[in-house]
Each structure stands twice: as C-alpha cells, then as structure tokens.
Amino acid sequence: MATDGPDSDYLKRRALRRGSAGWLLLTGLGVAYVVSGDFSGWNVGLSKGGFGGLAVATLLMGVMYACLVFALAELSAILPTAGGGYGFARRALGTWGGFLTGTAILIEYILAPAAISIFIGDYVESLDLFGLTSGWPVYLACFVIFIGIHLWGVGEALRFSLIVTAIAVAALLIFAVGAFAEFTADSLNDIPVDEDAFGANSWLPFGLIGIWSAFPFGMWFFLGVEGVPLAAEEAKDPVRSMPRALAVSLGILVLLAMLTFLAATGARGSAAVQDAGNPLVVALQGAGDNAQPTGLSRFVNYAGLAGLVASFFSLIYAGSRQLFALSRAGYLPRFLSLTSRRKAPYLGLLIPGAIGFALAASTGDGARMLNIAVFGATISYALMALSHMVLRRREPELPRPYRTPGGIATSSTAFVLALFALVATFLVDITAAIIALVVYVVALGYFALYSRHRLVASAPEEEFAALAEAEAELERDERPHTHKP
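All values derive from a computational prediction rather than experimental measurement. (Residues numbered from 1 in each chain as written. Predicted model: local features only at pLDDT ≥ 70, side-chain atom pairs only at ≥ 80, totals over all residues. Heavy atoms only, no water.)

*Asks:* What is the right way to read the overall build of the protein from this model?
*Replies:* Each helix and strand in the protein was counted, giving 17 helices and 0 strands. Relative to its full complement of 485 residues, the protein shows a buried share of 58%. Just so you have it, the protein exposes about 19,100 Å², and 65% of that area is on carbon and sulfur atoms. (Helix = DSSP H or I, 4+ residues; strand = E, 2+ residues; numbered from the N terminus. Buried < 20%, exposed > 50% of the residue type's maximum accessible area, 1.4 Å probe, protein only. Areas by Shrake-Rupley, 256 points an atom, 1.4 Å probe, with all protein chains shown as cover.)

*Asks:* Mind showing me how you'd approach the packing of aromatic side chains here?
*Replies:* For any two aromatic rings, the description comes down to two numbers: the centre-to-centre distance and the angle of the planes. One pass over the full model with this rule turns up 23 aromatic pairs. Ring centres of Tyr86 and Tyr331 lie 5.2 Å apart, and the angle between their planes is 70 degrees; this geometry places the pair in the edge-to-face category. Remark: Tyr331 occurs in the loop between helix H12 (295-328) and helix H13 (346-363) and Tyr86 occurs in helix H4 (residues 85-126); sequence separation between them is 245 residues. Residues Tyr86 and Tyr331 agree in their burial class; the two are buried. Three or more aromatic residues link up through ring pairs in this structure, and these residues are Trp42, Phe51, Trp203, Phe221 and Phe261. If you follow Arg244 out to its NZ or CZ, it ends over the ring of Trp23, 3.8 Å from the centre. (Phe/Tyr/Trp six-rings, centres within 6.5 Å; stacked < 30°, edge-to-face > 60°. Lys NZ or Arg CZ within 6 Å of the ring centre and 35° of its normal.)

*Asks:* Just checking my understanding: could you explain helix H9 (residues 238-268) for this structure?
*Replies:* An α-helical segment advances 3.6 residues per turn. Residues three or four places apart therefore align on the same side. With 31 residues, H9 extends 44 Å from end C-alpha to end C-alpha; this agrees with the ideal 45 Å at 1.5 Å per step. The positive-phi residue at the C-terminal boundary of H9 is Gly269, with phi of around 110 degrees. (Expected span 1.5 Å × (residues − 1).)

*Asks:* Sorry if this is basic, but what is going on with the side chain of Arg400 here?
*Replies:* Relative to the helices and strands, Arg400 is located in the loop between helix H14 (366-394) and helix H15 (408-428). Of the residues examined, Arg400 reaches a relative accessible area of 9% and is grouped as buried. Within the local environment of Arg400, its side chain forms a polar contact with the backbone oxygen of Leu391, the two atoms lying 3.1 Å apart. A distance of 3.1 Å separates the side chain of Arg400 from the backbone oxygen of Leu398, its partner in a polar contact. For Arg400, the contacting residues outside a window of four places in its chain are Glu74, Ile78, Leu391, Arg392 and Glu395. (Polar contact = N/O pair within 3.5 Å; in protein donor to acceptor, adjacent residues only side chain to side chain. Contact = heavy atoms within 4.5 Å.)

*Asks:* Hey, could you run me through empty space enclosed by the protein in this one?
*Replies:* The rolling of a water-molecule-sized probe over the atoms marks out the regions of remaining empty space. Summed over all chains, the structure comprises 2 cavities of 30 Å³ or more. If you add up the space inside the largest cavity, you get close to 60 Å³. Forming the walls of the largest cavity are Tyr109, Ile110, Pro113, Phe143, Ile316, Gly319, Ser320, Gly348, Leu349, Pro352, Gly353 and Gly356. Elements supplying a minimum of two residues to the lining of the largest cavity: H4, H12 and H13. For the lining of the largest cavity, the element with the most residues is H13, which contributes 5 residues. Residue classes in the lining of the largest cavity are distributed as 7 nonpolar, 5 polar and no charged. The calculated volume of the second largest cavity comes to roughly 50 Å³. What lines the second largest cavity is simply Leu72, Gly84, Gly85, Phe88, Ile105, Tyr109, Glu226, Gly227, Pro229, Leu230, Gln322 and Met384. (1 Å grid on protein atoms, 1.4 Å probe; cavity = no way out; pocket = protein on both sides within 12 Å on 5 of 7 lines; lining within 4 Å. Points joined across faces, edges and corners; volume = space filled by probe spheres on them. Nonpolar A, V, L, I, M, F, W, Y, C, P; charged D, E, K, R; others polar.)

*Asks:* How should I be thinking about the pattern of salt bridges in this particular structure?
*Replies:* Should the charged atoms of two oppositely charged side chains come close, the side chains can pair. Considering all chains together, one arrives at 6 salt bridges under this definition. The partner of Arg91 in a salt bridge is Glu395, with the nearest N and O atoms 2.8 Å apart. One end of the pair, Arg91, is in helix H4; the other, Glu395, is in the loop between H14 and H15, with 304 residues separating them in the sequence. A salt bridge links Arg394 to Glu395, with the nearest nitrogen and oxygen atoms 3.9 Å apart. Owing to a relative accessible area of 46%, Arg394 belongs among the partly exposed residues under this scheme. (Salt bridge = Lys/Arg side-chain N within 4 Å of Asp/Glu carboxyl O.)

*Asks:* Would you explain the nonpolar core in this entry?
*Replies:* The tendency in soluble globular proteins is for nonpolar side chains to be buried as a group. Phe39, Trp42, Tyr65, Ile120, Phe175, Met219 and Tyr381 are the most contacted members of the largest nonpolar core, which totals 152 residues. It is H4 that contributes the most residues to this core, 19 residues altogether. (Core = buried A, V, L, I, M, F, W, Y, C linked by side-chain atoms within 4.5 Å.)

*Asks:* Hey, could you run me through the packing of helix H1 (residues 23-34) against H9 in this one?
*Replies:* To describe two helices that pack against each other, one gives the angle between their axes and the distance between the axes. Closest axis-to-axis distance for the H1/H9 pair is 8 Å, and the angle between their directions is 40 degrees. When the axes of H1 and H9 are compared, the pair comes out oblique. Both H1 and H9 take part in a crossing whose hand is right-handed. Counted together, Trp23, Leu26, Thr27, Gly30, Val31 and Val34 of H1 and Ser241, Met242, Arg244, Ala245, Val248, Ser249, Ile252 and Leu253 of H9 form the full contact between these two elements. (Axes fitted to C-alpha atoms, helices over the stretch in contact; angles between N-to-C directions. Parallel < 35°, antiparallel > 145°, perpendicular 65-115°, else oblique. Left-handed = near helix turned anticlockwise from the far one by under 90°.)

*Asks:* So what exactly am I meant to see when it comes to the packing of helix H3 (residues 46-78) against H15 here?
*Replies:* At their nearest, the axes of H3 and H15 sit 8 Å apart, and the two run at 140 degrees to each other. Between H3 and H15, the interaxial angle falls into the category oblique. H15 is crossed by H3, and the crossing has left-handed handedness. Of H15, the residues touching H3 (which contributes Lys48, Leu60, Met61, Val63, Met64, Cys67, Leu68, Phe70 and Ala71) are Thr410, Ser411, Thr413, Ala414, Leu417, Ala418, Ala421 and Val428. Of the residues in the contact of H3 with H15, the class split is 13 nonpolar, 3 polar and 1 charged.

*Asks:* Mind showing me how you'd approach a nonpolar patch on the surface here?
*Replies:* Where nonpolar side chains cluster on the molecular surface, the patch consists of Phe426, Ile430, Ile434, Leu437, Val438, Val441 and Val442 and spans about 610 Å² of accessible area. In this structure, Ile434 sits in helix H16 (residues 430-449). (Patch = residues over 30% accessible without salt bridge, like charges linked within 9 Å, V, L, I, M, F, W, Y side chains within 5 Å.)

*Asks:* Looking at this structure, how should I read the environment of Arg393?
*Replies:* For Arg393, the location among the structural elements is in helix H14. The class of Arg393 is exposed, set by a relative accessible area of 68%. Spatially, the C-alpha atom of Arg393 lies 8.6 Å from that of Ile408, the residues being 15 residues apart in sequence.

*Asks:* Got a minute to help me understand H12 in this structure?
*Replies:* Its 34 residues place the ends of H12 50 Å apart at the C-alpha level, agreeing with the 50 Å of an ideal helix rising 1.5 Å per residue. Counting buried positions along H12 yields 29 of 34 residues, so the element is predominantly enclosed.

*Asks:* When you look at the side chain of Ser297 in this model, what are you seeing that I'm missing?
*Replies:* Note that Ser297 resides in helix H12. Within the local environment of Ser297, its side chain forms a polar contact with the side chain of Gln285, the two groups lying 2.8 Å apart. The contacts of Ser297, once residues within four sequence positions are left out, are Val281, Leu284 and Gln285.

*Asks:* Just to check I follow, could you spell out the environment of Ala57 for this structure?
*Replies:* Checked against the element boundaries, Ala57 lands in helix H3. Sequence spacing of Ala57 and Gly45 is 12 residues, and the spatial spacing of their C-alpha atoms is 8.9 Å. When near neighbours in sequence (up to four residues on either side) are disregarded, Ala57 contacts Ile211, Ala214 and Phe215.

Keep in mind that these numbers describe shape and distance, not what the molecule does.
Next comes the structure, spelled out in structure tokens:
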C-alpha cells in the first residue's frame, strides 16, 4: 500500500516531456530494441538445436511474443504510464507483483546494453576503425555519446534511433537478397547428428531437447519489443498509437527474422555460421582462410555496427524509463527519478550507464550478460501475461479502448511459453541464471525490508491502483444485502 504523500512539487520535478513520440517513432523504437539480434547471437542456437531445433524454437518464441504484444497493447491503452510492465503488474498483482516485474525488466535493460557495448567493440576492432581495439575506451565512448543524446531530449533521441534503425533494416533486406542468390536447401541441415540424443535426425541433430535449449536464441529475434509501452507518457495519443506501434513493429521483426534465418543458413550452411560472431558476414564470404570479402559483405559488416548501435541506444532509453517509474513511486530511491530542464531522467540514465560500463569493462563477457538479461526478460513476460489474465477476470468492466484478440487464451499462451523459456535459460547457462537469481533475491530483500513501507501515493501507478481499490470497495458497498429469514 502507498503510504507517503510528498510535497506538492514532487511530481513536477519528475515530469517527462509529453507528446514527443507518434506511432512511427514508437514503431522505430520497437524495432530498434531488437534489430541487433538479427546481426548476431541468434546463430548460437544452431549449436544447441540445429536448423530444425532453432526453427521450431523461433516459431514458438514468435508465438509467445505475438501473444504478449497483443496483451500489452490492451494494458498500455488502459494504463498509459512510464511504468510499462511494472505499472500493469502493480494494478493487477499489487505492490509485490509490481516490484517483481519491474526488477526483472531492469535486469534485462541494464545488462543488455552492457553486453551490446562489448559487441560494438568487437565490430569496431574487426572493421579496423581508427585503429581501435575492443576494450574499455570503446565501451566508455558508447555510454558517454549515446547517453548524452538522451540527455539532450527524448524527441531528438527517438529520431536518431529511427534513422539508425532504418539503416540497419535496409541492410538486412539487402543482405537477404544477396544471400538468397547462393541459397541451397542442403546447407540447412549440415550439422553432424548426435546419435545418442533422443529423436535426433538431420533436422534435429541434437534431438528434441535441442528445441528447448534453443528457446533463448529464438528469443533474440524479438527480445526487447515489449519495451515500447515504457514510452507511453511521452507518446502522442498513447491509447491509439501504442497498440498500432506494437503490432507494426512485431510484424517487421517477424519478417526480418524469417529472411535473416533462412538466408544466412541456406547461403553458407548452418555449421559455418553457428559459432560466428558475425554470422551474416560469414554467410556472404565464408570464414577463415577461405573467406572472400565482397563489397556486400563489407557493407553488411558496417550495417551490423549500425544495428548494434540502434539496440544499444534504445535499450538505454528503456532502462532509464523503467528505473524512473520505479523510483518515482518509491520502490527504488526517489532521487533516481529527478528530471532535468529538458525533462530527461538524468540519474536514471547516468547510474545504469555507469553500472553497465563497469560490468562491460570488468568482465568483457557479453554472452553471459545477455543470458542474464534473458533470465530477467522471461520472468517479466510471465508476470505481464499473468497481469492481463488477472485484470480480465477481476475487472471485466474496465474500459478497454483496445482489446486483445483471443482474450485470456492469448495471454495464457504467452504465460506458459514464458515459463518454458525461463527454464531453458538454466539449460543454456546455469551460471548466468544463478547470478540473475541472486541479484533478484537481493533486490527483493531491499523491497521487503525497506521500500515497500515508503511508497509514494501520488505516483501515477499508485493512483491507478488506489482508484481501482476505491471503485471495488464502492461496488461492494452498493450491492444489495440479503438477509436470511
């Protein structure tokens, strides 16, 4: 329960710039969150499940994201606040549910940019840009430059993100045209079969378990699109623009996933690209001494850097808004939600950025950090889907400008698949899953012992919840009382 009512200018010092983003910028944001996953990362799933295993995993994860996005479109039209998934869970599941969801989202959006900064460093080194090597100076430059643009203003930041994302998407389409020119179906299933694996064959070389193990990598074609509702308070007409942006961005991502997956594996073979740091380049030119660089492969290599920048930039935005909302409501220290004269949550940008840079510079292990991010993401997906189910059952008369096709059946599908994906993170990297679990437990301890007693009643998410409680109590009082004779 929110217990604290702060001074009157509390929310004025924590205000975002409203009306800065229309549906086009929001769509660009949704694609930007994800587009780097098309250039690298997904291909490791081939080493877990082979072509068939990763294909099925990607299909199932695509279904999960589609169901989740439809549920989020309804929730974001009901609760258009910067809290996004945390705000939805707060309304449906109470303060504990809100904090559980918000913390899981924060784990995703703080760890993912740290990992991507390392990948940017690898690309800068491989392209021999300015003679730089992958290391802390490159990571620091990423955080300083792109956080600086965010501090300039949200409208400017989203327009920059849209431009870089458009370059990356165009490059993926051009890559697909070039790679399909060398496509052969026999290349798809060229990974040796593990004869000891149950159900193993040329399409499932690691057996049926390979499908499950490939879940986290099938997610990489879509990971992050659920962050679009975090821009709700800064959107133009969020009730209409948010569902539209979510649907269009997911449609673009599905198309890019199909083209990239088939083109890359069919051009050079699944075995060739399964462990590559730059699978699209390998698909075009080969690897090692047999590599034959072409003009197209060089272009795709540079475009891969653009894709990484787009995702890094947009994930920084998402993390800052989630931290801002949790802090404004008192779940995290309140000073983190202060905004600048340009209405940017400057501490919500700088502190996660400092944490991300420290992690990148000290570990250099981008793959593990992404696995930790996936762990947080799957928990948040399950809780957001559950929030949709609970609100549909508990508040059926709640005004819903947009209604999820299929209703509870849709969100239930997302919920079940998210739980399977969560378990799959332990199959892929149990160390990463345990690290994420420890961080999660520590955060919950902070909430249980301290912040849940100091929530801010006037924060938008808390006001929505309080209004719902008041309406429910009034409805109970107005019900006719019956007496037994």
